[in-house]
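# Close look at the chain arrangement
Residue-level listing of the chains:
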Amino acid sequence: MALRREPHVLVVGGSDSSGGAGIVRDIETISSLGVRTCLAVTALTVQTHDAVMEIHHSPLSLVADQMRAALQANEVAAIKIGMLATAESIVAVAAVLRDNPEVPAVLDPVLASSSGRAFLEPGDIAVMKRDLMPLCRLVTPNLVELALLVDTELAVDEGGAVGQGQELLVAGARAVLIKGGHASGPRSTDILLCSNQEPIRFDSPRLAVSMRGTGCTLASAIAAHLAKARSIEDAVRQGKLCVFEKLQKKAAE
């Protein structure tokens, strides 16, 4: 089948019954960029745009088996990882990545919902840093997630955020994209950190509009561009443009 030979992004993450984030937003974004998707569902959630009421985790073997089946069935050119709500699911996903080191993975470390419900305990976050992050081509924390990952206070300026991101590099991350959406000021700046390179800044006007799922959108767009054999810098640049265009469209509504 021709479908098997087309590049796919394997989306690994949880559902969002509101449609505002999670795998719904991932598929929407990747498809809009002309790349096909396949899935491994880690959890089913009951949520609105304001609150998460229930989380039902997929059995660990099911998560890994979904990933392996998707990789066997399709030409998977990139993997996008979102919600992993237990240490066991993190270990299961890491095992599959170790068996497929040629496929670049983008990890969006979803540590809490937009409404503030925690998805991972501190011990689980340590497992993510130790077992999963070193296997991923890129990790995309926002400022809140970055502080949780390095177990410290929220950075108050760009220098502090870069210092925290460099801690993740020391801990084994291959590249870190610090998202600036939770900062303040007229400009929104994302910062790409790679070992032995100067930080690369991606700057755009900060729009006076909010939208759930922007982190999902950005990580998915980057994964889609990696599937098109873009460099990590170009994939990040194109991914940020994708998010900015979506925000512009919402602001105009």
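Attention here is on the structure that accompanies the text. (Residues numbered from 1 in each chain as written. Predicted model: local features only at pLDDT ≥ 70, side-chain atom pairs only at ≥ 80, totals over all residues. Heavy atoms only, no water.)

### A look at the environment of Ala-87
Structurally, Ala-87 is set in helix 4 (residues 87-99). Taking the C-alpha atoms as reference, Ala-87 lies 32 Å from Phe-202; in sequence the two are 115 residues apart. (Helix = DSSP H or I, 4+ residues; strand = E, 2+ residues; numbered from the N terminus.)

### Comments concerning the environment of Ala-173
When you line up the elements, Ala-173 lands in the loop between helix 7 (158-170) and strand 7 (175-178). Spatially, the C-alpha atoms of Ala-173 and Leu-10 are 20 Å apart, while their sequence positions differ by 163 residues. In contact with Ala-173, other than residues within four places in its own chain, are Met-133, Val-139 and Leu-168. (Contact = heavy atoms within 4.5 Å.)

### Quick notes on the side chain of Gln-164
Along the chain, Gln-164 turns up in helix 7. Given the relative accessible area of 7%, Gln-164 is considered buried. A distance of 2.9 Å separates a polar side-chain atom of Gln-164 from the backbone oxygen of Glu-153. (Buried < 20%, exposed > 50% of the residue type's maximum accessible area, 1.4 Å probe, protein only. Polar contact = N/O pair within 3.5 Å; in protein donor to acceptor, adjacent residues only side chain to side chain.)

### Overview of the packing of helix 2 (residues 22-32) against helix 8 (residues 214-227)
The interhelical angle for the contact between helix 2 and helix 8, taken along N-to-C directions, is 40°, at an axis separation of 8 Å. In this view, helix 2 runs oblique relative to helix 8, as classed from their interaxial angle. Considering only the axes of helix 2 and helix 8, their crossing is right-handed. On helix 8, the residues that touch Gly-22, Arg-25, Asp-26, Thr-29 and Ile-30 of helix 2 are Cys-216, Thr-217, Ser-220, Ala-221 and Ala-224. Residues belonging to the contact of helix 2 with helix 8 are distributed by class as follows: 4 nonpolar, 4 polar and 2 charged. (Axes fitted to C-alpha atoms, helices over the stretch in contact; angles between N-to-C directions. Parallel < 35°, antiparallel > 145°, perpendicular 65-115°, else oblique. Left-handed = near helix turned anticlockwise from the far one by under 90°. Nonpolar A, V, L, I, M, F, W, Y, C, P; charged D, E, K, R; others polar.)

### Quick word on the packing of helix 4 against helix 5 (residues 122-132)
Relative orientation of the contacting elements helix 4 and helix 5 amounts to 5°, with a least axis distance of 9 Å. Considering their axes alone, helix 4 and helix 5 lie roughly parallel with respect to each other. Taken together, the residues of helix 5 that come into contact with helix 4 (itself represented by Ala-87, Ile-90, Val-91, Val-93, Ala-94, Leu-97 and Arg-98) are Asp-124, Val-127, Met-128, Asp-131 and Leu-132. Its residues assigned to classes, the contact of helix 4 with helix 5 comprises 9 nonpolar, no polar and 3 charged.

### Concerning helix 3 (residues 60-73)
With 14 residues, helix 3 should cover 20 Å at 1.5 Å per step; its first-to-last C-alpha distance of 20 Å lies within 8% of that length. Three or more residues of helix 3 are buried, namely Val-63, Ala-64, Gln-66, Met-67, Ala-70 and Leu-71. The arc that holds the buried residues of helix 3, viewed along the axis, is 155°, so those residues lie on one side. Contacts from the buried residues of helix 3 go to strand 1 (7-14), strand 2 (36-47), strand 4 (75-81) and helix 4. (Expected span 1.5 Å × (residues − 1). Arc of directions from axis to C-beta.)

Scope: geometric values only; no functional claims are made or implied.
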